[in-house]
Amino acid sequence: MTTWRPHPHIRVVAIGLHWRNGRLLAAEVRDDAGRIKGVRPLGGEIEFGESWRAALVREFGEELGIDVIITGEPLMLENIFVHEGSTGHEVMFIAEVAFPESAFNGQDRIDFREDNGEEIVARWFDLSDLDGDGGPSLYPTGLKGLLLGNKAAT
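One structure accompanies this document, and this report is about it. Fair warning: this is a prediction, and the values are worked out from it, not measured in the lab. (Residues numbered from 1 in each chain as written. Predicted model: local features only at pLDDT ≥ 70, side-chain atom pairs only at ≥ 80, totals over all residues. Heavy atoms only, no water.)

Below, the discussion takes up the pairing of strand β8 (residues 86-98). Judged from the 8 bridges that link them, strand β1 (residues 10-17) and β8 form a sheet pairing that is parallel. Pairing of valine 12 across the sheet is with valine 91, part of β8. The sheet contact formed by strand β7 (residues 75-83) and β8 spans 9 bridges and is antiparallel. Bridge pairing in β8 links asparagine 79 to glutamate 90. Turn length for the β7-β8 hairpin, with the two strands adjacent in sequence and antiparallel, is 2 residues, and the turn residue glutamate 84 shows positive phi of about 50°. (Pairing = 2+ DSSP bridges. Helix = DSSP H or I, 4+ residues; strand = E, 2+ residues; numbered from the N terminus.)

The following block contains the structure:
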């Protein structure tokens with residue numbers, strides 16, 4: 001098992017929101033003991049000279065082997081967090097993405113590997129099951145409220 005720690009600098013990241021039947025695709029986040037502590041939408045760090053849009057498309061290509069289409073303007077979120085005693089700091093571009101037709105149809109989970117070899121499981125989650133008693137947290141903290149506020153406006 002790989003132990004992950006936040007980077008000791010501010011990261012700029014792009015994450016994609018993909019929905020299936022009202023459920024959000026998110027990857028499991030585990031603690032050092034391997035227990036699921038939360039979930040987070042897929043995406044990753046924006047490289048120097050790369051736009052957030054290009055980074056988001058690239059990340060889904062690297063992680064899932066698909067070309068996504070960004071379907072809206074980004075939400076922005078600053079994420080200062082602690083994971084296993086280490087502080088992390090991210091500035092996030094968060095955008096809705098559409099998958100190619102029939103991508104992952106009939107699958108309730110997607111297994112893939114990060115660049116460092118870590119095995120990741122992503123599944124679709126109902127927002128009402130996240131950030132509640134006994135359920136996993138939705139990361140970044142505050143995303144659920146942002147999504148619910150954004151959904152109320154549409």
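To continue, consider the environment of methionine 76. Mapped onto the secondary structure, methionine 76 falls in strand β7. What makes methionine 76 partly exposed here is its relative accessible area of 44%. Separated by 19 residues in the primary sequence, methionine 76 and alanine 95 have C-alpha atoms spaced 8.9 Å apart. Not counting the four nearest positions on each side in its chain, methionine 76 is found in contact with Val91, Met92, Phe93 and Leu146. (Buried < 20%, exposed > 50% of the residue type's maximum accessible area, 1.4 Å probe, protein only. Contact = heavy atoms within 4.5 Å.)

Look at the link from tyrosine 139 to proline 140: it is a cis peptide, with omega at 0°. Along the chain, the position of proline 140 falls in the loop between β11 (137-138) and α2 (143-153). Positive phi outside glycine occurs at asparagine 21, with the angle close to 50°. The exposed category is assigned to asparagine 21, whose relative accessible area is 73%. Even without glycine at this site, serine 102 takes up a positive phi of about 75°. With respect to the helices and strands, the residue serine 102 is situated in the loop between β8 and β9 (109-113).

Grouped together as the largest cluster of nonpolar side chains are 24 residues, with contacts concentrated most on Leu64 and Phe99. Every element with two or more residues in this core is listed here: β3 (23-30), α1 (52-64), β8, β9 and β10 (119-125). Of the residues forming this core, the biggest block, 5 residues, is contributed by α1. Apart from the residues within four sequence positions on either side, phenylalanine 99 is in contact with His18, Leu25, Phe60, Leu64, Ile66, Val68 and Phe104. (Core = buried A, V, L, I, M, F, W, Y, C linked by side-chain atoms within 4.5 Å.)

Assignment of secondary structure puts isoleucine 66 in the loop between α1 and β6 (69-70). Once the C-alpha coordinates of isoleucine 66 and alanine 103 are considered, the two residues, 37 residues apart in sequence, prove to be 7.9 Å apart. If we ignore the near neighbours within four places in the chain, the residues touching isoleucine 66 are Phe60, Gly61, Phe99, Pro100 and Phe104.

Before going further, it helps to spend a moment on the pattern of salt bridges. In this structure the tally under the stated criterion is 12 salt bridges. Here glutamate 45 ties to arginine 11 by a salt bridge, and the two come within 3.3 Å at their closest N and O atoms. Of this pair, glutamate 45 sits in strand β5 (residues 43-45) while arginine 11 sits in strand β1; the two residues are 34 residues apart in sequence, bridging distant segments of the chain. Here glutamate 45 falls in the partly exposed class, since its relative accessible area comes to 29%. For arginine 11, a relative accessible area of 12% translates into the label buried. The residue glutamate 90 makes a salt bridge to arginine 40 at a minimum N-O spacing of 3.2 Å. One end of the pair, glutamate 90, is in strand β8; the other, arginine 40, is in strand β4 (residues 36-40), and 50 residues separate them in sequence. For glutamate 90, a relative accessible area of 2% translates into the label buried. (Salt bridge = Lys/Arg side-chain N within 4 Å of Asp/Glu carboxyl O.)

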